[in-house]
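Inside the fold
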Amino acid sequence: MATTSTTGTITATDGTTISYREVGQGPGLVIVHGAMQTGHSQIDLARALSTEFTCYLPDRRGRGGSGPAGAAYGIEREVEDLDAVLRATGARYAVGVSAGAIITLHTALARPDALSKVVLFEPPLGLGDVDLGGTLERFDREIAAGRTAAALVTGMRAARLAPPLFAALPRPVQEWLTGLMLKSQDKGGGEEPTFRELAPTQRQDITVVAEATGDLARYRPVEVETLLLGGTKSRPYLRAALAGLEGVLPHARRVELAGLDHGATQNAAQRGRPERVAAEIRRFLLPAA
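Residues numbered from 1 in each chain as written. Predicted model: local features only at pLDDT ≥ 70, side-chain atom pairs only at ≥ 80, totals over all residues. Heavy atoms only, no water.

With an unreviewed UniProt entry as reference, the protein is termed Alpha/beta hydrolase, source organism Nonomuraea composti.

Next up, the structure:
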């Protein structure tokens, strides 16, 4: 298996540097990570696909080796970045994870010539009843005040991604436990940035979700062949979003992964199940024997 990765950079439309990891051999496949992650968060997934595909794992702007988000940040910037990576590498396939799936979907809508097939893993498109504007205001206040644990809890509560037992706790207890987790991460090393380092980037993902909120019918013009992928243990709104897209996208099919949840694409060390996700991606992208 071709598992050794190299790094490279491309320059986005607005001049921002986008860093990426490359691993594998074969047709190009870009993997777009989600919130509180960098490209390395899906390196096990890329390695599982590396004998069939050359996988590119960009650090979305504002994280890892890439440049800042910039004052004009929004889905349009992210689409430009993904389009730049696709064009620079010649890749025709993309896998988007969570907020990265929203970006991938919008790229398929705005740049249909850039992609042949896409995989969308649980785009968080079902949060229309959440006051995301208010969430951003509170998040910004907490980050500015150095209350990182509080800001992370604000984002997590808005995204409804906390484990059920944690979600049932009073907010002060949630913040206290999150603070303990941050202190524990501060003591260790590793290739992944800590949640404390990534915390400010959660603003970008809230922005992406807020801009994408609305009628799913807006995606009906997407002509790119699409695999809608999710887990049976994921939150109901994520599963409902996939079902809604299945009814809207003209060339989509949906696969549910039994027993998996929103973290399935992550590295095995983060309790992901990348091999199982890779098997479905491989089945979708490779021509039938």
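With that settled, the discussion passes to unusual backbone geometry. Apart from glycine, the bulk of residues carry a negative phi angle, and the bulk of peptide bonds sit in the trans form. Phi is positive for Glu122, which is not a glycine, with a value near 50°. Looking at the secondary structure, you find Glu122 in the loop between strand 6 (117-121) and helix 4 (132-144). On the basis of relative accessibility, which here comes to 0%, the residue Glu122 falls in the buried class. Non-glycine residue Arg160 carries a positive phi angle of around 55°. Within the secondary structure layout, Arg160 lies in the loop between helix 5 (148-159) and helix 6 (164-167). Judged by relative accessible area, Arg160 falls into the partly exposed class, the value being 32%. (Helix = DSSP H or I, 4+ residues; strand = E, 2+ residues; numbered from the N terminus. Buried < 20%, exposed > 50% of the residue type's maximum accessible area, 1.4 Å probe, protein only.)

So, about the pattern of salt bridges. Side-chain pairs of opposite charge can arise whenever the charged atoms involved come near each other. Under the defined criterion, the tally for this structure stands at 22 salt bridges. Where Asp14 meets Arg61, a salt bridge forms, and the shortest distance between an N and an O atom there is 3.0 Å. Of the two residues, Asp14 sits in the loop between strand 1 (6-11) and strand 2 (17-24) while Arg61 sits in the loop between strand 4 (54-58) and helix 2 (75-89), which places them 47 residues apart along the sequence. Measuring nitrogen to oxygen at the nearest pair gives 2.8 Å for the salt bridge that ties Arg283 to Glu280. Note that Arg283 and Glu280 are positioned in helix 11 (residues 274-285) at a spacing of three residues, about one turn of the helix. The class for Arg283 is exposed, based on a relative accessible area of 53%. Within this structure, Arg138, Glu142, Arg147, Arg171 and Glu175 form a network of salt bridges that share partners. (Salt bridge = Lys/Arg side-chain N within 4 Å of Asp/Glu carboxyl O.)

Between its first and last C-alpha atoms helix 5 spans 17 Å; for twelve residues at 1.5 Å apiece the expected length is 16 Å, and the two agree. Among the twelve residues of helix 5, ten are classified as buried, and the element is accordingly described as predominantly covered. Those residues of helix 5 that fall on the buried side of the exposure criterion are Thr148, Ala149, Ala150, Ala151, Leu152, Val153, Thr154, Gly155, Ala158 and Ala159. The secondary structure elements touched by the buried residues of helix 5 are helix 4, helix 7 (171-187), helix 8 (195-198), helix 9 (202-212) and helix 10 (236-248). (Expected span 1.5 Å × (residues − 1). Contact = heavy atoms within 4.5 Å.)

Most of strand 5 (residues 93-97) is tucked away, with five of its five residues classed as buried. Here strand 5 shows two buried faces, one formed by Tyr93, Val95 and Val97 and the other by Ala94 and Gly96. Where strand 3 (residues 28-32) lies against strand 5, four bridges are found, and the strand directions are parallel. Residue pairing for strand 5: Ile31 is matched across the bridge by Val95. A crossover connection joins strand 5 to the parallel strand 6 through helix 3 (residues 99-110); in handedness this β-α-β unit is right-handed. (Pairing = 2+ DSSP bridges. Right-handed = clockwise from strand over helix to strand, strands pointing away.)

If you walk across this open sheet you meet the eight strands as 1-2-4-3-5-6-7-8, and the pairing is mixed. The strands lining the two open edges of the sheet, one partner per strand, are strand 1 and strand 8 (252-257). Within this sheet the neighbouring strands show an average axis-to-axis angle of 25°, counted without direction. Docked against the sheet, helix 3 engages strand 3, strand 5 and strand 6, running at close to 140° with respect to strand 5. The sheet strands contacting helix 10 are strand 6, strand 7 (225-231) and strand 8, and the helix crosses strand 7 at an angle near 160°. (Axes fitted to C-alpha atoms, helices over the stretch in contact; angles between N-to-C directions.)

Our next topic: the nonpolar core. Counting 51 residues, the largest nonpolar core has Val30, Leu105, Leu125, Tyr219 and Leu245 as the members making the most contacts within it. Apart from residues no more than four positions distant in its own chain, Leu125 is found in contact with Ile102, Leu105, Ala212, Leu216, Tyr219, Ala241 and Leu245. Counting residues in hydrophobic clusters, the runner-up holds 27 residues, among them Ile43, Ala48, Leu229 and Val255. (Core = buried A, V, L, I, M, F, W, Y, C linked by side-chain atoms within 4.5 Å.)

This paragraph deals with the packing of aromatic side chains. Inspection of the entire model under this criterion finds two aromatic pairs. Geometrically, the ring pair formed by Tyr20 and Tyr56 is edge-to-face, given 5.8 Å between the ring centres and 70° between the ring planes. Residue Tyr20 is found in strand 2, and its partner Tyr56 is found in strand 4; the two are separated by 36 residues along the sequence. Between Phe53 and Tyr93, the ring centres sit 6.1 Å apart and the planes meet at 80°, which makes this aromatic pair edge-to-face. Taken together, the residues span a long stretch of sequence, with Phe53 in the loop between helix 1 (43-48) and strand 4 and Tyr93 in strand 5 at a distance of 40 residues. According to the relative accessible area criterion, Tyr93 is buried, its value standing at 17%. The positively charged end of Lys117 is found above the aromatic ring belonging to Phe284, 5.1 Å away from the centroid. (Phe/Tyr/Trp six-rings, centres within 6.5 Å; stacked < 30°, edge-to-face > 60°. Lys NZ or Arg CZ within 6 Å of the ring centre and 35° of its normal.)

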